[in-house]
Amino acid sequence: MKYLFLIITLISNISSMAQNNVEKQSIIKQIELDSFSNRTAYEMASKIIELAKNRNQNIAVEIMRLNHTIFLYVDDNLPADKHNWLRRKANVAKQFEESSLSVKNDLKEGNMTLEKTFGLDEKDFIAKGGSIPIFIKNVGMVGVITVSGLHDEEDHKIIIDALKGKFF
């Protein structure tokens, strides 16, 4: 009986690890478009905000070209520090050219930190989900879309849910 319990536990753990690997592989690391404009940014942000309102969720959204903000929205019910969360998450996506959630997972998996491993000050960088770089095919990274206000994995997910089908 003891060995049967051990085998069942082992199978359960292997199944759980396989599920986690599938989930990690399915994390969107970047959004790749044929073109990107201020109008595109507005359409993307509008879809995210509309979905959040339909879900009764309070969020902040920022879409930036690499050096300037194109779109910024902060729900009335959010604290004033949301601008700082948006900035820090976006800095991670820009630095690593992949989503802040995938960076968070890579750091955890490699037992690393932004500060000790990469020398990045946590005042300016935070590895939490919610920021995804925007690439143009055959050009490279041109911007970043960032959401804050929910649990960090939900910040990432609302971007994906809102943009799936139209933008990727």
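Residues numbered from 1 in each chain as written. Predicted model: local features only at pLDDT ≥ 70, side-chain atom pairs only at ≥ 80, totals over all residues. Heavy atoms only, no water.

### Focus: the pairing of strand S4 (residues 131-136)
Link 1 in the chain: Across the 6 residues of S4, 6 count as buried, placing the element largely inside the fold.
Link 2 in the chain: With burial as the criterion, each face of S4 is covered, one bearing Ser131, Pro133 and Phe135 and the other bearing Ile132, Ile134 and Ile136.
Link 3 in the chain: When strand S1 (residues 31-33) meets S4, the two strands line up parallel, connected through 3 bridges. Looking at the pairing, glutamate 32 lines up with phenylalanine 135 of S4.
Link 4 in the chain: Inspection of the sheet shows S4 paired to strand S5 (residues 140-148) by 6 bridges, in the antiparallel sense. Note on S5: the bridge partner recorded for isoleucine 134 is glycine 143.
Link 5 in the chain: Two successive antiparallel strands, S4 and S5, enclose a turn made up of 3 residues, where asparagine 138 displays a positive phi of approximately 65 degrees. (Buried < 20%, exposed > 50% of the residue type's maximum accessible area, 1.4 Å probe, protein only. Helix = DSSP H or I, 4+ residues; strand = E, 2+ residues; numbered from the N terminus. Pairing = 2+ DSSP bridges.)

### Overview of unusual backbone geometry
Link 1 in the chain: One non-glycine residue, asparagine 111, lies in the positive phi region at around 55 degrees.
Link 2 in the chain: For asparagine 111, the position within the fold is in the loop between helix H4 (100-109) and helix H5 (114-118).
Link 3 in the chain: The residue asparagine 138 is not glycine, and still its phi comes out positive at about 65 degrees.
Link 4 in the chain: Its place among the elements puts asparagine 138 in the loop between S4 and S5.
Link 5 in the chain: In this structure asparagine 138 comes out as exposed when scored by relative accessible area, which is 85%.

### Re the pattern of salt bridges
Link 1 in the chain: Counting across every chain of the model gives 9 salt bridges.
Link 2 in the chain: The shortest N-O distance in the salt bridge between lysine 89 and aspartate 155 comes to 2.6 Å. In this pair, lysine 89 sits in helix H3 (residues 82-96) while aspartate 155 sits in helix H6 (residues 152-163), placing the two residues 66 residues apart along the sequence.
Link 3 in the chain: According to the relative accessible area criterion, aspartate 155 is buried, its value standing at 0%.
Link 4 in the chain: Lysine 104 is the partner of glutamate 153 in a salt bridge, and the nearest nitrogen-oxygen pair spans 3.8 Å. With glutamate 153 in helix H6 and lysine 104 in helix H4, this residue pair connects regions lying 49 residues apart in the sequence. (Salt bridge = Lys/Arg side-chain N within 4 Å of Asp/Glu carboxyl O.)

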